[in-house]
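# Descriptive structure summary
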Amino acid sequence: MPYPLQQQWLFPPFLQASGLACINKTPKKLNFNPSKTSPILLFLFPLSSSSSRILILNSSSSNFPPPILEDNSADSPLLELDLQLQDSQNSSVPDSDDLNLLIRNLLKDSKTEERGFECYQKATRNPDFVPQRSTLHHLIRYSMRLNNWNLVWSISEDFRKFNVYPDASNCSRLVSSCIRNRRFKLANNLLQILQSEKEVAGVSFNSAMKAYNKLHMYSSAVNVFEIMKSSSIKLDAESYSHAMEAYLKMGKNETVVSLFKEFESSEIEQTSFCTQIYRVLCESLGRLGKPFEALDFFREMTKKGFPQDPSFYSSLISSFVSIQEVKTAEELLQEAEAKKMLRDPSVFLKLVLMYIEQPDSMEKTLDIVSSMKKMNLRVSDCIFCAIVNGFSKKRGPNSAIKVYQDLVSEGHEPGQVTYASILNIYCRIGLYEKAEGVFSEMDKKGFDKCVVAYSSMIAMYGKTNRIRDAMRLVAKMKEKGVEPNVWIYNSLLDMHGKVLNLRQVEKIWKEMKRRKVMPDKVSYTSVISAYSKAREFETCIKYYNEYRLNGGGIDRAMGGIMVGVYSKMSRVDEVVKLLQDMKMEGTKLDARLYRSSLHALRDAGVQIQGKWLEESFGP
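Residues numbered from 1 in each chain as written. Predicted model: local features only at pLDDT ≥ 70, side-chain atom pairs only at ≥ 80, totals over all residues. Heavy atoms only, no water.

You'll find the protein chain entered in an unreviewed UniProt entry as Pentacotripeptide-repeat region of PRORP domain-containing protein, with Lactuca virosa given as the organism. According to the UniProt record, the Sequence similarities (unreviewed entry) comment for the protein chain is "Belongs to the PPR family. P subfamily." (UniProt positions renumbered as here; feature names shortened; annotations may be inferred.)

To continue, consider the UniProt feature "repeat: PPR" (unreviewed entry) in the protein chain. UniProt's feature table lists "repeat: PPR" (unreviewed entry) at residues 274–308, 415–449, 450–484 and 485–519, given in the numbering used throughout. As annotated, residues 415–449 has a helix share of 74% and a strand share of 0%, and its two end C-alpha atoms lie 13 Å apart. Span residues 450–484 is 74% helix and 0% strand, its end C-alpha atoms 10 Å apart. (Helix = DSSP H or I, 4+ residues; strand = E, 2+ residues; numbered from the N terminus.)

Where helix H9 (residues 218–230) meets helix H10 (residues 237–249), the axes come as close as 9 Å, and the angle between the chain directions of the two elements is 140°. Classified by the interaxial angle, the pair formed by H9 and H10 is oblique. Viewed along their axes, H9 and H10 form a crossing whose handedness is left-handed. In contact with Tyr218, Ala221, Val222, Phe225, Glu226 and Met228 of H9, H10 contributes Ser239, Tyr240, Ala243, Ala246, Tyr247 and Lys249. Class assignment of the residues belonging to the contact of H9 with H10 gives a composition of nine nonpolar, one polar and two charged. (Axes fitted to C-alpha atoms, helices over the stretch in contact; angles between N-to-C directions. Parallel < 35°, antiparallel > 145°, perpendicular 65-115°, else oblique. Left-handed = near helix turned anticlockwise from the far one by under 90°. Contact = heavy atoms within 4.5 Å. Nonpolar A, V, L, I, M, F, W, Y, C, P; charged D, E, K, R; others polar.)

Positive phi, close to 60°, is recorded for Ser232, a residue that is not glycine. With respect to the helices, strands and loops of the structure, Ser232 is situated in the loop between H9 and H10. For Ser232, a relative accessible area of 66% corresponds to the exposed category. Here the phi dihedral of Lys516 falls at roughly 60°; this positive angle occurs in a residue that is not glycine. Relative to the assigned elements, Lys516 resides in the loop between helix H25 (502–514) and helix H26 (521–533). Residue classification places Lys516 among the exposed positions, given a relative accessible area of 72%. (Buried < 20%, exposed > 50% of the residue type's maximum accessible area, 1.4 Å probe, protein only.)

Attention now goes to the side chain of Glu511. Relative to the assigned elements, Glu511 resides in helix H25. Classification of Glu511 as buried rests on a relative accessible area of 12%. Here Glu511 is in contact with Lys478 and Tyr489, once residues within four sequence places are set aside.

Examined against the element boundaries, Asp344 turns out to sit in the loop between helix H15 (326–339) and helix H16 (345–357). Along the chain, Asp344 and Pro310 lie 34 residues apart, while their C-alpha atoms are 8.1 Å from each other. A distance of 2.8 Å separates a polar atom in the side chain of Asp344 from a polar atom in the side chain of Ser346. (Polar contact = N/O pair within 3.5 Å; in protein donor to acceptor, adjacent residues only side chain to side chain.)

Here we take up the nonpolar core. Taken as a class, soluble globular proteins show a tendency for nonpolar side chains to be buried jointly. In this structure, Phe159, Leu342, Phe348, Leu351, Ile458 and Met562 are the most contacted members of the largest nonpolar core, which totals 171 residues. Setting aside residues up to four positions removed in sequence, Leu342 forms contacts with Tyr313, Ser314, Ile317, Leu333, Ala336, Val347, Phe348, Met375 and Leu377. (Core = buried A, V, L, I, M, F, W, Y, C linked by side-chain atoms within 4.5 Å.)

Before going further, it helps to spend a moment on helix H29 (residues 572–584). Under the 1.5 Å per step criterion, the end-to-end length of H29 is 18 Å for 13 residues, consistent within 8% with the ideal 18 Å. Burial in H29 covers these residues: Val572, Val575, Val576, Leu578, Leu579, Asp581 and Met582. (Expected span 1.5 Å × (residues − 1).)

Aromatic ring pairs: the centre-centre distance and the angle between the two ring planes describe each pair. Applying the stated rule across the entire model yields 21 aromatic pairs. The interplanar angle of 70° and the centroid separation of 5.1 Å between the aromatic rings of Trp509 and Tyr524 together place this pair among those described as edge-to-face. Taken together, the residues Trp509 in helix H25 and Tyr524 in helix H26 connect sequence positions 15 residues apart. In terms of burial, Trp509 and Tyr524 fall into one category: buried. A centroid spacing of 5.1 Å and a plane angle of 50° characterise the contact between Tyr524 and Tyr547, whose relative ring orientation is tilted. (Phe/Tyr/Trp six-rings, centres within 6.5 Å; stacked < 30°, edge-to-face > 60°.)

Below, the discussion takes up the packing of helix H17 (residues 362–374) against helix H18 (residues 381–395). Helix packing for two helices is described by the angle between their axes and how far apart those axes are. Across the interface, H17 lies against H18 with an axial gap of 10 Å and an inter-helix angle of 165°. Taken together, H17 and H18 sit at an angle that is classed as roughly antiparallel. Of the two elements, H17 crosses H18, and the hand of that crossing is left-handed. Touching Met362, Glu363, Thr365, Leu366, Val369 and Met372 of H17 are Ile383, Ile387, Gly390, Phe391, Lys394 and Arg395, all from H18. Among the residues forming the contact of H17 with H18, the class breakdown is seven nonpolar, two polar and three charged.

The following block contains the structure:
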């Protein structure tokens, strides 16, 4: 054996293949006897660990693989050799390929990857060293795993320094990762470095546009596209696809159409991204009020053999609904239903709303429900509620109740909004037991925080003089964390005002102010009416003046109450001023208010004002 050693020899497979080995110096004396005809290259990289050094042996004539000598002694002396150290004429600095292989092998193992990076840093000081593409791939993976963006910046600068670039897929992932992690300055620097490398520039810039669009940073995506054009980077279908999508989201639909014409006139290869291009074009044309043009392009795309997807039908049907083109929308609906290409619930809602606005088309809303059932689509709460409210508006509350019951019997489940709507209908027509049943059902299904439902129930209790039930329900909703709104407070003010419980009225009013619920016209009318019935006219005037200072207008209800208040206080001038304000605001007097005002002026003996009233408000 040419190298008698006192240690056991180990031969990892990758070192057998490459002729590289790492040797840790032991405290025992090792005698190397290289022959003059078998030069051995000794090369050492200082690493982060102070107890180990790498010794690379490369023998061109020996039949034995280079050894790995292991030393577990922590206090052994260290062999320090400089990167450029040569052992007479028989030693030389390892070539760039060997260094790249060593660095890659170290970076493959999580236990040695840090040493591998330090080896890379040391190697870059060697003027003859050039990193290989595969080495850069390992370095990128290492830095990304650490989320060390300063390290990524440093490695990316080496791309330009050594004129060696990662492949397209790695560049694409690197750029998108930077943007996804909001390292925009780093991403811009990478794009600047890569824009001169034609092999990877197009893919990297496309990846950047896609990443910016995902973050809704559409103007940034557009800027990347403009840089591509100004830098003469080759544009492809993906480039136009991402740029058109960005302009669409920015609302620049005319620019989308212009870009499509530019793309169509070019000789760019048609790829799968053309489907996305046509989808964006159709949506832009629909927003521009040109659905028929959008439909023509859709048919053109189909003839070219590009695949369809449900988004086309959603966009087209929505466009025709927006211009109330019922026939074409129905034809597209049938076509999409046959192809099973309509899955967007919002489209069905738009169709339902369109039929509600059309005369004698209410039954067609039920056809939409049938279509959704055939496609195994759940009727959403919004659609259910729109149908119930539509029938209530066009056919009356009883028709709405029947439709609601029919849909429930067919297995369609109402949600919170639908429950609140049907509850309100029951309350309006006096079906109080039905209303309480629906409210109880809502509570069981977990819809126990619907302020609209609470408002309807409290108003119902007020109409039926069930004040205690109303107050208990208010306490219950507060326990559940539901804040009363102005409608609920108005119902409470009205019911307590009717029974002249002024103490409770004042308490509710103070609670409104404390909870920062702004009183509206109904609130002030209820309070002023209550104090008027209690003949506390000065308090009425106080609340009225507050109402007017807050910009409140005078309707017939408020005017009638205040005419009575001023008349009973013999404040004729205030009555005249009130009537003048009503005329200026365009409020017309009904017969009852007209008569009461006229009697108030005549009783006060002011004939001129009475005549003015007859001329201004008389029939």
